[in-house]
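Each chain, letter by letter, is given below.
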Amino acid sequence: ATLLEIKKLFRDVDNVLYDWSDTPSSDYCVWRGVTCDNVTFNVVALNLSDLNLDGEISPAIGDLRDLLSLDLRGNRLSGQIPDEMGDCSSLKSLDLSFNELYGDIPFSISKLKQLEFLILKSNQLIGPIPSTLSQIPNLKVLDLAQNRLSGEIPRLIYWNEVLQYLGLRGNKLVGGLSPDVCQLTGLWYFDVRNNSLTGSIPQNIGNCTAFQVLDLSYNQLTGEIPFNIGFLQVATLSLQGNRLSGKIPSVIGLMQALAVLDLSSNKLSGPIPPILGNLTYTEKLELNDNQLTGHIPPELGKLTELFDLNVANNNLEGPLPDNLSSCTNLNSLNVHGNKLNGTIPPAFERLESMTYLNLSSNNIKGSIPIELSRIGNLDTLDISNNEINGSIPSSLGDLEHLLKLNLNRNHLAGVIPAEFANLRSVMEIDLSNNHLSGVIPRELMQLQNLFSLRLENNNLSGDVMSLVNCLSLTILNVSYNNLAGDIPTSNNFSRFSPDSFIGNPGLCGYCLSSPCHVSHPAERVVISKAAILGIALGALVILLMILFAACRPHNPTPFPDGSLDKPTVTYLRPKLVILHMNMALHVYEDIMRMTDNLSEKYVIGNGASSTVYKCVLKNCKPVAIKRLYSQYPQCLKEFETELETVGGIKHRNLVCLQGYSLSPSGNLLFYDYMENGSLWDLLH
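An unreviewed UniProt entry lists the chain under the name Protein kinase domain-containing protein, from Gossypium laxum. Regarding the chain, the relevant UniProt record gives this comment under Sequence similarities (unreviewed entry): "Belongs to the RLP family." Looking at the chain in UniProt, the text filed under Subcellular location (unreviewed entry) is "Membrane".

Okay, here's the thing in structure tokens:
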């Protein structure tokens, strides 16, 4: 009956408690989430976590006096925690986290003398932390994170001898950190991140010898980092987002267990202690957004386990140490916004695990080393706002995983490498504010994921037609170059504002004040007498030649083989026109390579004027290639007719035309590949 009373205040939107019924044959001990004692058949555990339950917690919960564990986490329960919860005198574990409970934490919970785990995080609880929680003698885990609790941390909490885990992050707690925190001799996890705590870090913090995780980040703590903090053997030390000042204590280099050291976003000054190179187990070192000076210590190259190094937005000087290339596990390196000089170390090619490299906004000189193109896992390369010169290495096109490339505000010259077409995953390219020349490579049309392209303030020439087929392009700026020609309007190109094209006197089109193809009124041309005489004499000579040819006997020479004369067709570089996304990212050369230049081993059918080949694309999907023989005079007309007919028909019972190509090998049509032979074979 108690369980059914509890169910009444639940809104079971998914009917997960369908077996909770009052039928005579119903055994509550086998209901979902219910565990009973094998002897007394009293309910000892209730686990209804992650069932999408709505509603409130019933006061009837207090009638379950033998309940040892109550788990309601991960639902959408609202309302207040009932005072009757304190009547569950046997309760050892209470987890109400990740709901929408509001109101105060009831003082009655302090009556639960057997309670070991109290987890109320990620709700909307308000008010102070009850100091009476210190009266729960066996409490090991107290997690009140991500609520709206206010007031100070009760000092009595710090005198709980068995407390091991104290999670208070993401509340509105004020006041300072009490030196009594080190009275918690069993406490290994202390997290007050993202509150409004003030004052300084207790000078005796080094006495908290049991700490493994110490997170004081994103508060308003001031003063210096205590020297004896180095006596801690924590794995995580997070002090970021405060107002700490002074130098980084060298003694931190003795904290051999450190895996995460985050001192970012403070007001720390002075040099980076070289002794930090002794932190051989450190995986994450965050010193960014301070006022640090001096050089990046070469000793950091000894951090062979380092995964993330961030020293951005400081006042660091000197070159990038070659020794950093010894951090072979390094995944992210950010030195943005310093005063670093020198060149980019070619030895960085050894950082094969690197995915993020940000060297922007420094005074780095020299050229871009081709060795960077050997960091095959790079997805972000930012060298912007430096003094880099020379040309852009074409080998950067080998970075097949690159998503963002930023080289703006340097002194780069030369052309944009056509090899950039190989950056098939790239979404952002910024080459603006350099001295680049030449045309925008036609090959860029293959970048189907390109979202942003910035080329402004260079010396580029040619037109912008190569960008029409970049269908994902949303941000484009080619202003202030030497571009010319029409601004296209197809493929939503008209979505770009006039500011994207200004500063190119030769560009004309819909969005600029210079319309294309303006007709000018005919002007009267004055021709001299000498010119008239020359024209007359020339006309007379031509007339005589025509008369001579007309009077000459005409004996046509028959063809040796009796065939008709064949018109000569001159082909430009073969081009593959794609009509279906199935063939995206393919070029003519890809097709020739995949079929060994239309080898006979790929033939699947022959006709009077064509041969059909099978080709498996890069996405492992096959297509049928119909090759029309170019030596037949009716071929071109047949090719045009088939394009006009098939291209305009769409039906579920007809194969789809995916693309076409005009080439010396014959005119090619690309169709869906249909298995099981031809219709002729089935009918005959």
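Here the narrative resumes, following the displayed structure.
Student: Mind laying out the nonpolar core, listing which residues take part and the relevant values?
Tutor: Core analysis: the biggest nonpolar cluster contains 147 residues, and Leu46, Phe190 and Leu381 have the highest contact counts within it. Where this core is concerned, the elements lending two or more residues are helix 1 (2-8), strand 2 (34-36) and strand 3 (43-47). Three or more residues apiece are contributed to this core by two domains, here domain 1 (1-159) and domain 2 (341-515). Phe190 has contacts with Tyr158, Leu166, Leu177, Val181, Phe211, Val213, Leu214, Asp215 and Leu216, leaving out every residue within four places of it along the chain. Core analysis: the second largest hydrophobic core is formed by 14 residues, Met583, Tyr613, Cys615 and Leu617 among them.

Student: Provide a residue-level description of the environment of Cys470, including the pertinent values.
Tutor: Position of Cys470 relative to the elements: it lies in the loop between strand 32 (452-454) and strand 33 (475-477). The class for Cys470 is buried, based on a relative accessible area of 3%. Residues Cys470 and Leu447, 23 residues apart in the sequence, show an inter-C-alpha distance of 6.1 Å. What Cys470 contacts, discounting residues up to four positions off in sequence, is Leu444, Met445, Leu447 and Arg495.

Student: Requested: an account of the sheet that holds strand 7 (residues 102-103), with residues and values cited.
Tutor: Strand order across the open sheet formed by four strands is 7-9-11-13, with parallel pairing between neighbours. Each edge of the sheet is formed by a strand with only one pairing partner; in this case those strands are strand 7 and strand 13 (172-173). Pairing geometry for strand 7 and strand 9 (residues 124-127), over two bridges, is parallel. For Gly103, the partnering residue across the bridge sits in strand 9 and is Leu125.

Student: I'd like a description of a negative patch on the surface, backed by residues and values.
Tutor: Taken together, the side chains of Asp398, Glu400, Glu419 and Glu443 present a region of like negative charge at the surface. Using a relative accessible area of 30% as the deciding quantity, one classes Glu443 as partly exposed.

Student: Explain the pattern of salt bridges residue by residue, including any values.
Tutor: If the charged atoms of two oppositely charged side chains come close together, the side chains can form a pair. Across all of its chains, the model carries 15 salt bridges by this definition. A salt bridge links Lys365 to Glu387; its shortest N-O distance comes to 3.6 Å. Here Lys365 is found in the loop between strand 26 (356-358) and strand 27 (380-382), whereas its partner Glu387 is found in the loop between strand 27 and strand 28 (389-391), with 22 residues between them in sequence. For Lys365, a relative accessible area of 40% corresponds to the partly exposed category. Take Glu387: its relative accessible area is 29%, and that puts it in the partly exposed class.

Calculation rules
- Residues numbered from 1 in each chain as written.
- Predicted model: local features only at pLDDT ≥ 70, side-chain atom pairs only at ≥ 80, totals over all residues.
- Heavy atoms only, no water.
- UniProt positions renumbered as here; feature names shortened; annotations may be inferred.
- Core = buried A, V, L, I, M, F, W, Y, C linked by side-chain atoms within 4.5 Å.
- Buried < 20%, exposed > 50% of the residue type's maximum accessible area, 1.4 Å probe, protein only.
- Helix = DSSP H or I, 4+ residues; strand = E, 2+ residues; numbered from the N terminus.
- Domains from an automatic or database assignment.
- Contact = heavy atoms within 4.5 Å.
- Pairing = 2+ DSSP bridges.
- Patch = residues over 30% accessible without salt bridge, like charges linked within 9 Å, V, L, I, M, F, W, Y side chains within 5 Å.
- Areas by Shrake-Rupley, 256 points an atom, 1.4 Å probe, with all protein chains shown as cover.
- Salt bridge = Lys/Arg side-chain N within 4 Å of Asp/Glu carboxyl O.
- Lys, Arg positive; Asp, Glu negative; His and termini not counted.
- Charge placed at Lys NZ, Arg CZ, Asp CG, Glu CD.

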